[in-house]
Structure formats: structure tokens, C-alpha cells
Amino acid sequence: MLNALSISIKIVVFLFLFTFLFSVALEESKAELITSLKSGLMAKSLLINFILLPLTGIILTWIFHLSAEISSGFLTVASAPGGLLSLHFARVAKGNLRYAIGLVFLLSILSIIVTPLLIHLIFPGIVVVNLPIFSVIGLLSLLVLPPLLLGQMVRYYLRGITPILQKIASFSSIALFITFTILTSTLRDLDAEILDWNGIAAIIAFILAAWGISWWLSGADMESRKVLAIATSMRN
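In this text, all values refer to a predicted model and were calculated from it rather than measured experimentally. (Residues numbered from 1 in each chain as written. Predicted model: local features only at pLDDT ≥ 70, side-chain atom pairs only at ≥ 80, totals over all residues. Heavy atoms only, no water.)

K.L.:
Just to check I follow, could you spell out the overall build of the chain for this structure?
P.N.:
A count of helices and strands for the chain gives 10 helices and 0 strands. Moving toward the C terminus, one meets the helices and strands of the chain in the order α-α-α-α-α-α-α-α-α-α. Looking at the chain residue by residue over its 236 residues, the buried ones come to 45%. Across the chain, contacts joining residues at least 24 apart in sequence account for 80% of those joining residues at least 6 apart. Of the accessible surface of the chain, which amounts to about 12,800 Å², a share of 73% is contributed by carbon and sulfur atoms. (Helix = DSSP H or I, 4+ residues; strand = E, 2+ residues; numbered from the N terminus. Buried < 20%, exposed > 50% of the residue type's maximum accessible area, 1.4 Å probe, protein only. Contact = heavy atoms within 4.5 Å. Areas by Shrake-Rupley, 256 points an atom, 1.4 Å probe, with all protein chains shown as cover.)

Encoded structure:
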């Protein structure tokens, strides 16, 4: 997604991720962040995003009789989880931010490998382009790890000013997200004539299915339910 954006928008996205992750690291300990990666819910979340949602997409293309052109784009999106900007909505919804960071990070990394395989399985005739996997994983790590490590260092060594810095970073991430929304508003026009009624209906049904499946399978913890529903419904 980032390759198609202007330099100014890329800078805003980078600053948003940095301030968001930095603010969370000021709130949560390293042990809490690592524990979220090892939970049973995380394994279930990967199953939902890489197996159940692509299957749901296939079923919806059949139910709504989508054309081959629309089906290819629709199923590609259904197979590509990991929307980084879902982190903002997880905070707004007062979700479990430790789990949100771990989930979005894992989805983003694993989708580099799994999504091309899924597309190849769904469309055998399509040649999957070889991606520089290690370079992309390295880029994601550079986006995520520095603000988390910096936040943990500040939390440990500068405990007295941590609450103030946390509020500043949190407010900054919200302001940057609003900026991103404004800058990309002209890039999000949905061509209803191309999609037709069945294409739009399939998209709405997919989003509702993503919310429903995630909500149903995510357990009793309301904060985690919100995060999984949000992250699953926002594809790359």
C-alpha cells in the first residue's frame, strides 16, 4: 500500500506508527507485550485471518455472482490481513493495545509469505511475484521495534516524566491519524458503477462476516474482542 502513496503521506504514516507505538510502550511493560504474542487467542486470530476469512471471501463471490475481474481483487483483499492503521481504531475502541500491536505485527509479517500462497491456490494461473521477504520483514521491524524499545527505556529510566510523554505521544498519534485521513481522502473514491450492486453488497457482507466471526471466536474478554474484530475487518 505504501508504495502507491506520496512521500508526505508516507512520512505521516511513519510518524503515526512511531508515536502510537511509543505511547503504548510507555504504558505497558516488555513482559506484557511479549506475553500477548504467546496467547491462545493469537493462534486463533491467525486461523481466522488466514483460513476462515479467505474461505468466506470465496463463498461470497459465489453467492453474489461476482465477475472474474471483481472476484480477483475481492479475493486478494480477503487474503491480505494486516492493516497497520487498525491500531488507531483499537485505541479509540479502548481495546487491548498489547494484543493489538502483537496481532497487527504478526499479520503484517506473515501476510508477506502466506498471502501470495493463498492467491496462487485460489488463482492457479496467476504467477506469484517473488517478494524480497527478508527486506520487507526488516522494514516492518524497523517501523515497530525502535519506538517500542525507546518507550520501554523511557519508562524504566525516566519514570517521573513518563505520564506526560505518554499523553503527548497519544495526542500526537491521533492528530497524525486525522492528517492521514485528510491527505488520503481523495484516494478512496469507490466506483459504484464498476462494482455494481453485487460488488458493494459482497464488500459489506465480508466486513460484517469478519466482525461476526472474530467476535464469536475471540472469547469473553471484551477488549480483545474489539481488537480482533477491528483488525480482521481492516485488510491491507
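K.L.:
Is there a simple way to explain the side chain of Ser218 in this structure?
P.N.:
Assignment of secondary structure puts Ser218 in the loop between helix 9 (192–217) and helix 10 (222–233). Exposure remark for Ser218: the relative accessible area of 5% places this residue in the buried category. There is a polar contact of 2.8 Å between the side chain of Ser218 and the backbone oxygen of Ser214. Looking at Ser218, its side chain comes within polar contact range of the main-chain oxygen of Trp215, at 3.3 Å. Ignoring any residue separated from it by four or fewer positions in sequence, one finds Ser218 in contact with Leu41, Arg225 and Leu228. (Polar contact = N/O pair within 3.5 Å; in protein donor to acceptor, adjacent residues only side chain to side chain.)

K.L.:
What is the right way to read unusual backbone geometry from this model?
P.N.:
Note: most peptide bonds trans; most residues except glycine with negative phi. The backbone of His65 shows a phi angle near 50°, a positive value even though the residue is not glycine. Within the element layout of this structure, His65 appears in the loop between helix 3 (40–63) and helix 4 (68–78). By relative accessible area, His65 is classed as exposed at 64%.

K.L.:
Help me out: how do you make sense of the environment of Gly151 in this one?
P.N.:
Considering the arrangement of structural elements, one finds Gly151 in helix 7 (residues 133–157). Overall, the relative accessible area of 0% leaves Gly151 in the buried class. Along the backbone, Gly151 and Leu21 are 130 residues apart, and their C-alpha atoms lie at a distance of 8.0 Å. The residues contacting Gly151, other than those within four sequence positions of it, are Phe22, Ala25 and Leu26.

In short, geometric facts, not functional conclusions.
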